Amino acid sequence: MDVQHRDYTLWAIVGGKLDADGGAVLGRVLEQVTGYERVLMVDLHAMVLMDREGLLHLLDLHRRAEGWGLRVLVVGWQPQPQQFMADTAGIRGRGAATGERYALAGFRRLIEERAHQARDLADGAPLVGPAG
């Protein structure tokens, strides 16, 4: 990953795979904030693969950056990450235009909820707590 400062924008250029390990690196992007930035631009042109953990890291970065008052833009969605996000959200069909929807807070919450549910199922955790 490469992080650059351009005017009032912090550019995070993500390449390769965004998984649990890559997500940990992504989580450190906000350490580069100087206080002058108004926008966090996440460039995914070079990212070819994303899994559930990587998606959760991307969503976490977005939420934390907004908490710092940064406007977050994610550009350059590649086919596999975009299709993975569409599948996670339950949107069927090849080439679903999830990149544009990612900017919507409600869509991000839906994806995050479903990604957490999928992770919990994979880990064997129940989706609902015990009746009480």
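On a predicted model such as this, the values are computed, not experimentally measured, just so you know.

The next thing to look at is the overall build of the protein chain. The secondary structure content of the protein chain amounts to five helices and four strands. Order of helices (α) and strands (β) in the protein chain, N terminus to C terminus: β-β-α-β-α-β-α-α-α. Residues classed as buried in the protein chain amount to 39% of the 132 residues present. Intrachain contacts of the protein chain at a sequence separation of at least 6 include 70% that bridge at least 24 residues. By element, 52% of the accessible surface of the protein chain is carried by carbon and sulfur atoms, the whole surface being about 7,400 Å².

Let us now look at the nonpolar core. The biggest cluster of nonpolar side chains holds 30 residues, and the ones touching the most others in it are Leu-40 and Val-42. For this core, the leading source of residues is helix 2 (residues 52-67), giving six residues. In contact with Val-42, not counting residues within four places along its chain, are Ala-12, Val-14, Leu-58, Leu-61, Leu-73, Val-74 and Val-75.

A few words now on the environment of Glu-66. Mapped onto the fold, Glu-66 is located in helix 2. Residue Glu-66 is classed as partly exposed on the basis of its relative accessible area of 38%. Put simply, Glu-66 and Val-39 are 27 residues apart on the chain and 9.4 Å apart in space, counted from C-alpha to C-alpha. With sequence-adjacent residues up to four places away left out, Glu-66 is seen in contact with Val-72 and Arg-108.

This brings us to the pattern of salt bridges. Between side chains of opposite charge, a pair can form as their charged atoms come close. Going through the model one piece at a time under the given rule, you end up with five salt bridges. The partner of Glu-112 in a salt bridge is Arg-63, and the shortest N-O contact between them spans 2.7 Å. Here Glu-112 is found in helix 5 (residues 105-123), whereas its partner Arg-63 is found in helix 2, with 49 residues between them in sequence. Linked by salt bridges that have partners in common, Asp-60, Arg-63, Arg-64 and Glu-112 make up one network.

Each value, and the rule that gives it
Residues numbered from 1 in each chain as written. Predicted model: local features only at pLDDT ≥ 70, side-chain atom pairs only at ≥ 80, totals over all residues. Heavy atoms only, no water. Helix = DSSP H or I, 4+ residues; strand = E, 2+ residues; numbered from the N terminus. Buried < 20%, exposed > 50% of the residue type's maximum accessible area, 1.4 Å probe, protein only. Contact = heavy atoms within 4.5 Å. Areas by Shrake-Rupley, 256 points an atom, 1.4 Å probe, with all protein chains shown as cover. Core = buried A, V, L, I, M, F, W, Y, C linked by side-chain atoms within 4.5 Å. Salt bridge = Lys/Arg side-chain N within 4 Å of Asp/Glu carboxyl O.

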